[in-house]
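# Working through the structure, step by step
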Amino acid sequence: MTFLSLAPLRGLTDAIYRNTFARHFPGFDLAMAPFLTTFEGSKVKSARLADLLPENNKDLPLVPQILSKDAHQFKILATMLFDLGYETVNWNLGCPYPMVANKGRGSGLLPEPDKITSFLETIADMPCRLSIKTRLGRQSSAEIRELLPIFNAFPLQELIIHPRLGIQLYKGKVDLEAFAFCLAHSTNPVAYNGDLCTFADFQRLSRRFPEVQRWMIGRGALCDPFLPGQIKGVPLPSHPLVQLKAFHDELFTLYGQRLDGGSHHLGRMKGVWFYLAASLKNSKKLLKNIQKTKKIETYCALIDHFFAKEAQWQQQPPPPNNE
Ligand SMILES: Cc1cc2nc3c(=O)[nH]c(=O)nc-3n(C[C@H](O)[C@H](O)[C@H](O)COP(=O)(O)O)c2cc1C
């Protein structure tokens, strides 16, 4: 059985995006929320949890994610999430950005096996289950070789591996040899994540790793929202543009209702188009014009014109380089 999750993309896959996506496109079984950071003390501002409230996440099961190097604070936040109804919480050990990693969080913790062991020992009695999302290391894939026996000592719900190093950010190739090593040496269920952008990618990866049942897709699904359905065997609809436009229009309306001021609203839609444009022929000029515009009225005119006159669906788009 193929189990598909939507990867967390901070600034993009918030509750509105995740749930609107699930209402318009089949295929995903689950979404992981972008990370929350831990905080001092035992109270959290309710606004920080709004994205995770069950009433805002009715259309797709969700796993919340925490970015932290402080096990006690992690446990407090994970327990709050458990009280909201989440049985599993994910620990982010993959974030590559220097301002996170240089402070020993995300992929910055990967060269510190002792700290990871003591973190896991401290949170072992929390009420919810733990899953981990990791890279191969910060500087070297030797780091994951040392970490796998540590992870194996804890019953994880799953170990999601994006087979790159932190210092690579999103550049360079995924290291499938190192992923194969992890698969062979993990006693926890392993999920694959990284550069799965087309159905052909899925066929190639699933042939190479037939034992993998769990797959996580980020940018590939934001570029081609039909991809998860295609992987699950759902045929492409006869009018994909109609479905894409309906998805776009609902996102536009919901973000307009939630975000104060045109610039936030516009900023969010620019993020959507950064990826979605890859699925549409003739979208280069549109993307350039959308990125330039400062007025919501101009944005609407551009979109209306594009869908009425120029848009053409293009399957298996190349992924945009987000660096
Ligand atoms: C803009 C952006 C934001 C991201 N935010 C998160 C995040 O909050 N938590 C996380 O674990 N990974 C985050 N990631 C990494 C993705 O979840 C995923 O691991 C990565 O994009 C590789 O998968 P893909 O090639 O399918 O996109 C982010 C990636 C991007 C490009």
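These numbers were taken from a predicted model, which means no experiment stands behind them.

## Brief notes about the sheet that holds strand S8 (residues 214–217)
Pairing within the closed barrel is parallel, and its 8 strands lie in the order S1-S2-S3-S4-S5-S6-S7-S8. In this sheet, adjacent strand axes meet at a mean angle of 30° when their direction is disregarded. Bridge analysis of strand S3 (residues 62–67) against strand S4 (residues 88–93) gives 2 bridges, and the strand direction is parallel. The residue of S4 that forms the bridge with Gln65 is Asn90.

## A short note on the site of the ligand
As a structural note, the neighbourhood of the ligand is formed by 22 residues, with Ala7, Arg10, Pro34, Gly218 and Arg219 the closest of them. Those elements that provide at least two residues to the shell around the ligand are strand S2 (30–37) and helix H9 (219–223). A per-class count over the shell around the ligand returns 8 nonpolar, 10 polar and 4 charged.

## Points about the pairing of strand S6 (residues 159–165)
For S6, a buried count of 7 out of 7 residues is recorded, marking the element as mostly surrounded by other parts of the structure. By the alternation rule, side chains of S6 split into Leu159, Ile161, Pro163 and Leu165 and Ile160, His162 and Arg164, which are all buried. Here strand S5 (residues 129–137) runs beside S6; their pairing, made up of 5 bridges, is parallel. Looking across to S6, one finds that Arg135 is bridged to His162. Since S5 and S6 lie parallel, the crossover through helix H6 (residues 142–152) that links them has a hand, and here it is right-handed. As defined by bridge partners, S6 adjoins strand S7 (residues 190–193) across 3 bridges and the pair is classed as parallel. Residue pairing for S7: Leu159 is matched across the bridge by Val190. Since S6 and S7 lie parallel, the crossover through helix H7 (residues 176–185) that links them has a hand, and here it is right-handed.

## Focus: the nonpolar core
If you look at the biggest cluster of nonpolar residues, it comprises 71 residues, and the most contacted ones within it are Ile66, Ile132 and Ile217. Among the domains, domain 1 (3–231) and domain 2 (240–313) are the pair contributing at least three residues each to this core. Setting aside anything within four residues of it in sequence, one finds Ile132 in contact with Asn90, Trp91, Leu93, Phe151, Leu156, Leu159 and Ile160. Grouped together as the second largest cluster of nonpolar side chains are 5 residues, Tyr255, Leu266, Met269 and Ile290 included.

## Looking at unusual backbone geometry
The backbone phi angle of Leu169 is positive, close to 50°, even though this residue is not glycine. Along the chain, Leu169 turns up in the loop between S6 and H7. When the 14 C-beta atoms within 10 Å are taken as the criterion, Leu169 is described as partly exposed. The backbone of Asn282 sits at a positive phi, close to 60°, despite the residue not being glycine. Inspection of the secondary structure assignment puts Asn282 in the loop between strand S9 (280–281) and helix H13 (284–292).

## Regarding the environment of Ser186
Position of Ser186 relative to the elements: it lies in the loop between H7 and S7. The spacing of Ser186 and Asn152 is 34 residues in sequence and 6.3 Å in space, taken between C-alpha atoms. Here Ser186 is in contact with Leu148, Phe151, Asn152 and Leu159, once residues within four sequence places are set aside.

## Quick word on the domain arrangement of the protein
The domains assigned to the protein are domain 1 (3–231) and domain 2 (240–313). A separation of 28 Å is found between the C-alpha centroids of domain 1 and domain 2. The partner domain 2 presents 14 residues to the 12 residues of domain 1 that form the contact. If you list the elements that add at least two residues to the side of domain 1 that touches domain 2, you get helix H1 (15–24) and H9. Among the elements that take part in the side of domain 1 that touches domain 2, H1 stands out by supplying 4 residues, more than any other.

What counts, and at which threshold
- Every chain's residues receive numbers from 1 upward, in the order its sequence appears when written.
- Local features in a predicted model are, by the rule used here, given only for residues with pLDDT of at least 70; side-chain atom pairs are given and counted only at 80 or more, and totals for whole chains, interfaces and linings are based on all residues.
- At least two bridges found by DSSP between two strands is the condition for calling them paired.
- Helix numbering and strand numbering both begin at the N terminus, where a helix is a DSSP run of H or I of at least 4 residues and a strand a DSSP run of E of at least 2.
- Simply put, an axis is a line fit to the C-alpha atoms, just over the touching stretch for a helix, and the angle between two N-to-C directions goes from 0 to 180 degrees.
- Near, for a residue, is defined by distance from a backbone-placed C-beta atom to a molecule or strand, with 6 Å as the limit that must not be exceeded.
- Amino acids are sorted into nonpolar (Ala, Val, Leu, Ile, Met, Phe, Trp, Tyr, Cys and Pro), charged (Asp, Glu, Lys and Arg) and polar (every other residue, Gly among them).
- Exposed residues have 12 or fewer other C-beta atoms within 10 Å of their own C-beta, buried residues have 20 or more, and partly exposed residues fall in between, where C-beta atoms are placed from the backbone.
- Here, the term right-handed applies to a crossover whose path from the first strand over the helix to the second runs clockwise when the strands point away from the viewer.
- What makes a nonpolar core is a set of buried Ala, Val, Leu, Ile, Met, Phe, Trp, Tyr and Cys residues, with links drawn between C-beta atoms within 7 Å.
- Marked domain ranges trace back to an automatic or database domain assignment.
- With C-beta atoms placed from the backbone, a contact is any residue pair whose C-beta atoms sit within 7 Å.

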